[in-house]
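Commentary on secondary and tertiary structure
The primary structure of each chain is shown beneath.
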Amino acid sequence: QDTMTTTLAAPRYRLSPAALTQRIDEETVVLQLASEGYYVLDDVGTHMLTLLLETQDVELAMEQLTNAYDVDPMQVRDDFSRIVDDLVAAEILVAD
């Protein structure tokens, strides 16, 4: 029996039309055109954003990050939630 709890109708995220991204080496620079703010994601933040946008599945993206970095799943969940919340608040990511 699967003891994991799944979230029904978890949001799918996409980049805001007002956000431009440019990858530089392992980092990503994001320009939010409406606020004229810019943000720099380090290599792990870049990996998180890439997986989220590619998989369109928060749980799958977190699972892949956990496997890639061999870290505690709860730490990945906390870090992932924080970065998604920050990018949504900055209007870089929007939920569909």
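Rules and cut-offs
- Residues numbered from 1 in each chain as written.
- Predicted model: local features only at pLDDT ≥ 70, side-chain atom pairs only at ≥ 80, totals over all residues.
- Heavy atoms only, no water.
- Helix = DSSP H or I, 4+ residues; strand = E, 2+ residues; numbered from the N terminus.
- 1 Å grid on protein atoms, 1.4 Å probe; cavity = no way out; pocket = protein on both sides within 12 Å on 5 of 7 lines; lining within 4 Å.
- Points joined across faces, edges and corners; volume = space filled by probe spheres on them.
- Expected span 1.5 Å × (residues − 1).
- Buried < 20%, exposed > 50% of the residue type's maximum accessible area, 1.4 Å probe, protein only.
- Arc of directions from axis to C-beta.
- Contact = heavy atoms within 4.5 Å.
- Polar contact = N/O pair within 3.5 Å; in protein donor to acceptor, adjacent residues only side chain to side chain.
- Pairing = 2+ DSSP bridges.
- Axes fitted to C-alpha atoms, helices over the stretch in contact; angles between N-to-C directions.
- Core = buried A, V, L, I, M, F, W, Y, C linked by side-chain atoms within 4.5 Å.

Phi at Gln-56 is positive, roughly 55 degrees, even though this residue is not glycine. Among the secondary structure elements, Gln-56 is positioned in the loop between α1 (43-55) and α2 (58-69). The phi angle at Asp-70 is positive, at roughly 50 degrees, despite the residue not being glycine. By the secondary structure assignment, Asp-70 is in the loop between α2 and α3 (73-89).

All chains considered together, the criterion is met by one cavity of 30 Å³ or more. Volume-wise, the largest cavity comes out at about 40 Å³. Contributing to the lining of the largest cavity are Gly-45, Met-48, Leu-49, Leu-52, Phe-80, Ile-83, Val-84, Leu-87 and Leu-93. Taken together, the elements giving at least two residues each to the lining of the largest cavity come down to α1 and α3.

Here the focus is α3. The end-to-end C-alpha distance of α3, which contains 17 residues, comes to 24 Å, matching closely the 24 Å that a straight helix rising 1.5 Å per residue would cover. Along α3, the residues that are buried comprise Val-76, Phe-80, Ile-83, Val-84 and Leu-87. End-on, the buried residues of α3 take up no more than an arc of 100 degrees, which puts them together on one face. Set apart from the buried face of α3 by more than 90 degrees, the exposed residues are Asp-85 and Ala-89. On its buried side, α3 packs onto β1 (13-15), β4 (37-41), α1, α2 and β5 (93-95).

In this section: the environment of His-47. One can find His-47 in helix α1. Along the backbone, His-47 and Pro-11 are 36 residues apart, and their C-alpha atoms lie at a distance of 19 Å. Beyond its immediate sequence surroundings of up to four residues, His-47 is in contact with Leu-65, Ala-68 and Tyr-69. A polar atom in the side chain of His-47 sits 3.0 Å from the side chain of Tyr-69.

So, about the sheet that holds strand β3 (residues 27-32). Pairing within the open sheet is antiparallel, and its three strands lie in the order β2-β3-β4. Where the open sheet ends on each side, the last strands, each with one partner, are β2 (19-24) and β4. Neighbour-to-neighbour, the strand axes of the sheet open up by a mean angle of 20 degrees, direction not taken into account. As paired elements, β3 and β4 share five bridges and run antiparallel to each other. Pairing of Gln-32 across the sheet is with Gly-37, part of β4.

Time to look at the nonpolar core. Leu-52 and Phe-80 are the most contacted members of the largest nonpolar core, which totals 20 residues. If you list the elements that add at least two residues to this core, you get α1, α2 and α3. Other than its neighbours up to four places away in sequence, Phe-80 contacts Met-48, Leu-52, Val-58, Ala-61, Met-62 and Leu-65.

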